[in-house]
Amino acid sequence: MFNRGTKSKAWHGPQNYPVIVPVMFLVSVLVALVLLFQKDDVNPMSAYGLHEQKWNRFESLVQFNPEREFRNGTDLIWQIPNSPKGVLFLAHGCSGRAVNFWDRSSKCPKCVGLPEERLLVLHALARKFAVLTISSVGRCWTFGKEKLIVEDIIRWWINRQKLEKLPLVALGASSGGYFVSALANDLKFSSITLMIAEGIFDQMDIRQDYPPTLFVHMPKDAHRQQKITEFMEVLRNKGIDVAEIECMELPLSPTFLSDRIPGLTQTISARLFNLFREKGFIDENGYMKRDGRATHWKEAVEDSKTTLLKDWVHPVQEELNLAFAHHEMTSLQSEEIFKWVESHMT
Ligand SMILES: *[C@@H]1O[C@H](CO)[C@@H](O)[C@H](O)[C@H]1NC(C)=O
């Protein structure tokens with residue numbers, strides 16, 4: 001077909017059109033690839049693979065199908081995948097509830113499914129962890145009777161589900177992080193993950209076989225960062241395996257909110273992004289200038305006559321806090337977190 005004698009002519013004659021088509025196709029693929037990688041270089045969101053971290057990324061892999069039960073004055077919500085390989089206890093922060101980790105469904109009509117919480121659970125289920133969430137009785141976790149009750153609940157639940165042979169791990173955020181650091185002195189965990197929390201290591205006698213501890217934190221919170229550095233040293237000196245994952249700020253984009261919040265459309269997401277830029281809540285690169293909690297974005301949305309469903313206020317708030325990266329639950333580092341957890345499951 002590619003006759004040597006006609007090759008030079010092949011690039012000009014109309015009869016050789018079929019040769020030019022694949023060549024042009026290859027060239028455009030190469031150009032597209034170059035553009036893609038260039039874009040990746042300048043876009044800090046790519047570092048997190050944010051475009052692959054959409055709220056529905058697990059749709060074909062796992063579905064929410066939780067069970068709920070009330071016991072000892074609190075509620076338990078859990079889900080056990082087929083052939084689980086471990087048990088994960090998740091502890092929310094102050095003002096959190098077990099319902100925040102699970103999407104609303106006929107089985108759990110009161111469930112809320114906050115964007116970061118729900119993705120953490122989906123990551124865990126996809127990796128075959130049985131996931132148990134419990135609500136604190138008050139706004140935050142307490143360290144007297146409540147700690148003993150929750151320890152009892154976890155033991156009882158594991159026995160009832162016949163999961164006692166599996167490794168037990170825990171992840172707690174903020175108040176839940178302090179709580180998990182205390183539970184780990186009593187229950188036998190394979191490892192614990194403390195998210196945006198330094199733990200209460202200055203208030204307890206750390207037992208000799210304290211589990212490996214991963215700190216997932218936001219260095220912008222300088223005070224906490226300092227304490228984490230200090231406590232990592234304390235644990236290390238006791239021969240305890242420690243590690244840390246740092247979570248940095250991210251820029252907003254027109255699709256940032258619709259990528260991460262179920263049901264929030266791209267139109268609304270882009271409108272909010274433009275509004276936040278107009279109002280000076282974000283800088284020219286899309287970064288939040290202040291923490292979401294300190295930004296009067298709800299008032300701005302009301303004034304702008306943009307319709308924001310009541311159900312979206314909390315999720316948007318969470319994502320803005322996450323983008324500012326001072327103190328918020330995060331699922332963005334789930335791959336790294338679970339890799340570390342799985343490498344400490346003896
Ligand atoms: C928790 O509830 C169970 C079942 O109702 C009960 O048997 C147990 O004593 C309670 N535990 C505590 C610490 O109150």
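Residues numbered from 1 in each chain as written. Predicted model: local features only at pLDDT ≥ 70, side-chain atom pairs only at ≥ 80, totals over all residues. Heavy atoms only, no water.

Draft legend 1. Up close: the packing of helix α3 (residues 115-126) against helix α11 (residues 334-342). One way to put it is that α3 packs onto α11 with a least axis distance of 11 Å and a crossing angle of 45 degrees. With respect to α11, the axis of α3 lies oblique. Two packed elements cross with a definite hand, and for α3 against α11 that hand is right-handed. Residues L120, H123 and A124 of α3 pack against S334, E335 and F338 of α11. (Axes fitted to C-alpha atoms, helices over the stretch in contact; angles between N-to-C directions. Helix = DSSP H or I, 4+ residues; strand = E, 2+ residues; numbered from the N terminus. Parallel < 35°, antiparallel > 145°, perpendicular 65-115°, else oblique. Left-handed = near helix turned anticlockwise from the far one by under 90°. Contact = heavy atoms within 4.5 Å.)

Draft legend 2. Inspection of the layout of surface pockets at higher detail. Taken as a whole, the largest pocket holds about 430 Å³ of empty space. Along the wall of the largest pocket there are 20 residues; nearest its centre are C94, S95, R293, H314 and E328. A total of four residues in the lining of the largest pocket trace back to one element, the largest contributor, which is helix α10 (residues 310-324). Residues from two domains meet in the lining of the largest pocket; each of domain 1 (67-248 + 329-343) and domain 2 (256-324) gives at least three. Taken as a whole, the second largest pocket encloses approximately 360 Å³ of empty space. (1 Å grid on protein atoms, 1.4 Å probe; cavity = no way out; pocket = protein on both sides within 12 Å on 5 of 7 lines; lining within 4 Å. Points joined across faces, edges and corners; volume = space filled by probe spheres on them. Domains from an automatic or database assignment.)

Draft legend 3. Expanded view of the side chain of S174. As for its position among the elements, S174 is in the loop between β5 (168-173) and α5 (175-183). Relative accessible area serves as the criterion here: at 14%, S174 is assigned to the buried category. Reaching out from S174, the side chain makes a polar contact with the side chain of H327 at a distance of 2.8 Å. (Buried < 20%, exposed > 50% of the residue type's maximum accessible area, 1.4 Å probe, protein only. Polar contact = N/O pair within 3.5 Å; in protein donor to acceptor, adjacent residues only side chain to side chain.)

Draft legend 4. Focus on the state of the cysteines. Under the criterion given, the structure shown has two disulfides. Between the sulfur atoms of C94 and its disulfide partner C140 the distance amounts to 1.9 Å. With the S-S bond torsion at 120 degrees, the cross-link from C94 to C140 turns out right-handed. Here C140 lies in the loop between β4 (129-134) and α4 (145-160) and C94 lies in the loop between β3 (86-91) and α3, a separation of 46 residues in the sequence. Taking relative accessible area as the criterion, C94 reaches 33% and is therefore assigned partly exposed. (Disulfide = S-S within 2.5 Å.)

Draft legend 5. Representation of the site of the ligand. Around the ligand, the neighbouring residues are R71, N72 and I149. A distance of 2.4 Å is found between an oxygen atom of the ligand and a side-chain nitrogen or oxygen belonging to N72. Contact with the protein chains removes 36% of the 360 Å² of surface that the ligand exposes when unbound. (Near = heavy atom within 4 Å. Areas by Shrake-Rupley, 256 points an atom, 1.4 Å probe, with all protein chains shown as cover.)

Draft legend 6. Focus on the nonpolar core. Within the largest apolar cluster, 63 residues are counted, with the highest numbers of intra-cluster contacts made by M195, L252 and F276. Counting residues domain by domain, this core receives three or more from each of domain 1 (67-248 + 329-343) and domain 2 (256-324). Apart from the residues within four sequence positions on either side, L252 is in contact with F273, F276, I282, G286, M288, L320 and A323. (Core = buried A, V, L, I, M, F, W, Y, C linked by side-chain atoms within 4.5 Å.)

Draft legend 7. Here's a closer look at the sheet that holds β4. Here we have eight strands laid out as an open sheet, ordered β1-β2-β4-β3-β5-β6-β7-β8, and mixed in their pairing. At either end of the open sheet lies a strand with only one pairing partner, and these are β1 (67-71) and β8 (242-246). On average, each strand axis in the sheet is tilted by 20 degrees relative to the strand beside it, whichever way the strands run. Pairing of β3 with β5, which is carried by five bridges, proceeds in the parallel orientation. Along β5, the bridge assignment pairs F89 with A170. With respect to the sheet, α3 is in contact with β2 (74-79), β3, β4, β5 and β6 (191-195), its orientation differing from that of β4 by roughly 150 degrees. (Pairing = 2+ DSSP bridges.)

Draft legend 8. View of the packing of aromatic side chains. Throughout the structure, instances matching the rule amount to 10 aromatic pairs. Ring centres 6.3 Å apart and planes at 75 degrees place the aromatic pair F276 and W297 in the edge-to-face group. Linking F276 in helix α8 (residues 266-278) with W297 in helix α9 (residues 297-303), this pair joins segments that are 21 residues apart in sequence. Taken as a pair, F276 and W297 share a single burial class, namely buried. Among the aromatic residues, those joined into a cluster by ring pairs are F201, Y210, F215 and F231. Sitting above the plane of the W156 ring, R71 keeps its charged end 3.6 Å from the centroid. Positioned above the aromatic ring of F324, the side-chain terminus of K220 is 3.5 Å from the ring centre. (Phe/Tyr/Trp six-rings, centres within 6.5 Å; stacked < 30°, edge-to-face > 60°. Lys NZ or Arg CZ within 6 Å of the ring centre and 35° of its normal.)

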